[in-house]
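# Report on the structure
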Amino acid sequence: MRISRAWTGAGRLRRAAPAGALVVALLGTAACTGTAPGGPVAAAPASTGAAAPASTGVAPTPTGAATGGPPAAQVPDVLRFTGTTLGGQAFDAAQLAGKPVVLWFWAPWCATCASQAWTVAEIAPRYRDTVPIVGVAGLGERKAMKEFVTEFDLGATPQIEDGKGALWKRFEVTEQSIFVIIDRNGTIVHQGFLDGEALTAKVAALAGA
């Protein structure tokens, strides 16, 4: 792991610190134990079809019959959400149905997230078609989030802007850095911290399953 290079972004991370510090102060936490807006909530599990973030106007994924192709994979409740990437593109998680998916919840001022970013940047393109990795950025300002993506070469990986914490609450994520791994059947098989080595092993295993 290129830890030394991760810390070369320290200056940039420090510049994002005032925004991150303000958020942390409001949440009564510090450094990489920040909590999502509103703190721990009794949000319904994704399988209950809890409210999704504000619609981006993306239409639901069409079925195979509608498109003239083979039947589309059934979209599990856990993937029934939409959003907007930091690059401004509409994102519909329904398009990932039928594949294992990794959601990475990160904050731009988090040093742990920075150390994991190199691994994500390295393996995400390799498994783009088999185990998509999608970032969910929160607990920070949009400008700092975009700078984080640039600093750690994450541009090739979808990064959803979740400044209001809608997805964090939906998945009951209360701190960063957290990985939520969903198998091809729509079942959450992991939710928690992973270092680079463990993340790589889990993604490789899912790709070969």
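Let us look at the structure shown here.

About the thresholds
- Numbering of residues begins from 1 in every chain and follows the order in which that chain's sequence is written.
- Reporting of local features is limited, given that this is a predicted model, to residues whose pLDDT is at least 70; pairs of side-chain atoms are given and counted only at 80 or more, and all residues count toward the totals for whole chains, interfaces and linings.
- Calculated side-chain values reflect all of the structure's heavy atoms, with hydrogen atoms and water omitted.
- What counts as a helix is a DSSP run of H or I of at least four residues, what counts as a strand is a run of E of at least two, and both are numbered from the N terminus.
- Each residue gets one of three labels from its accessible area relative to the maximum for its type: buried under 20%, exposed over 50%, partly exposed in between, using a 1.4 Å probe on protein chains only.
- Note on definitions: a residue-residue contact is assigned when non-hydrogen atoms from the two residues lie within 4.5 Å.
- The accessible surface values rely on the Shrake-Rupley method and a 1.4 Å probe; as for residues, cover is taken only from the protein chains in view.
- Paired strands, as defined in this entry, are two strands with at least two bridges between them according to DSSP.
- In this analysis an axis means a line fitted to C-alpha atoms, helices contributing only their contacting stretch, and an angle means the value between N-to-C directions, from 0 to 180 degrees.
- For the purposes of this section, nonpolar cores are sets of buried Ala, Val, Leu, Ile, Met, Phe, Trp, Tyr and Cys residues that join through side-chain atoms within 4.5 Å.
- Roughly parallel here means an angle under 35 degrees, roughly antiparallel means over 145, roughly perpendicular means 65 to 115, and every remaining angle is called oblique.
- For any pair of crossing helices, the crossing counts as left-handed if the nearer helix is rotated counterclockwise from the farther one by less than a right angle, and right-handed if it is rotated clockwise.
- The classification used treats Ala, Val, Leu, Ile, Met, Phe, Trp, Tyr, Cys and Pro as nonpolar, Asp, Glu, Lys and Arg as charged, and all other residues, Gly among them, as polar.

Each helix and strand counted, the chain has seven helices and seven strands in total. Reading the chain from its N terminus to its C terminus gives the helix and strand order α-α-α-β-β-β-α-β-α-β-α-β-β-α. Expressed as a percentage of its 209 residues, the buried residues of the chain come to 47%. Contacts spanning at least 24 positions in sequence make up 75% of the contacts within the chain whose residues lie at least 6 apart. Accessible surface, the chain: about 9,800 Å² in total, of which carbon and sulfur atoms supply 56%.

With mixed pairing, five strands are arranged side by side in an open sheet as β5-β4-β3-β6-β7. Only two strands of the sheet have a single partner each, and these edge strands are β5 (159-161) and β7 (188-192). The mean angle between the axes of side-by-side strands here comes to 15°, regardless of whether they run parallel or antiparallel. Note that strand β3 (residues 101-106) and strand β4 (residues 133-137) share five bridges and pair parallel. Of the residues in β4, the one forming a bridge with valine 102 is isoleucine 133. Contacts between helix α4 (residues 111-123) and the sheet are confined to β3, β4 and β6 (178-182), with β3 contributing the most and set at about 150° to the helix.

Core analysis: the biggest nonpolar cluster contains 53 residues, and Phe105 and Phe171 have the highest contact counts within it. At the level of secondary structure, the elements contributing two or more residues to this core comprise β3, α4, β4, α5 (142-151), α6 (166-170), β6 and α7 (196-208). With seven residues, α4 is the single largest residue contributor to this core. Not counting chain neighbours up to four residues away, the residues in contact with phenylalanine 105 comprise Val136, Leu167, Trp168, Phe171, Val173, Gln176, Ser177, Ile178 and Val180.

Our focus in this paragraph is the pairing of β7. Both β6 and β7 contribute to a ladder of four bridges, which runs antiparallel. Across the sheet, valine 180 pairs through a bridge with glutamine 191, a residue of β7. Between β6 and β7, which pair antiparallel in sequence order, lie five residues; one of them, glycine 186, sits at a positive phi of approximately 90°.

A separate point is the packing of α4 against α7. α7 packs onto α4 with a crossing angle of 25° between their chain directions and a minimal axis gap of 9 Å. In terms of their interaxial angle, α4 and α7 are classed as roughly parallel. The crossing of α4 and α7 is right-handed. Contacts between α4 and α7 involve Thr119, Val120 and Ile123 on the former and, on the latter, Gly196, Leu199, Thr200 and Val203. Residue classes in the contact of α4 with α7 are distributed as four nonpolar, three polar and no charged.

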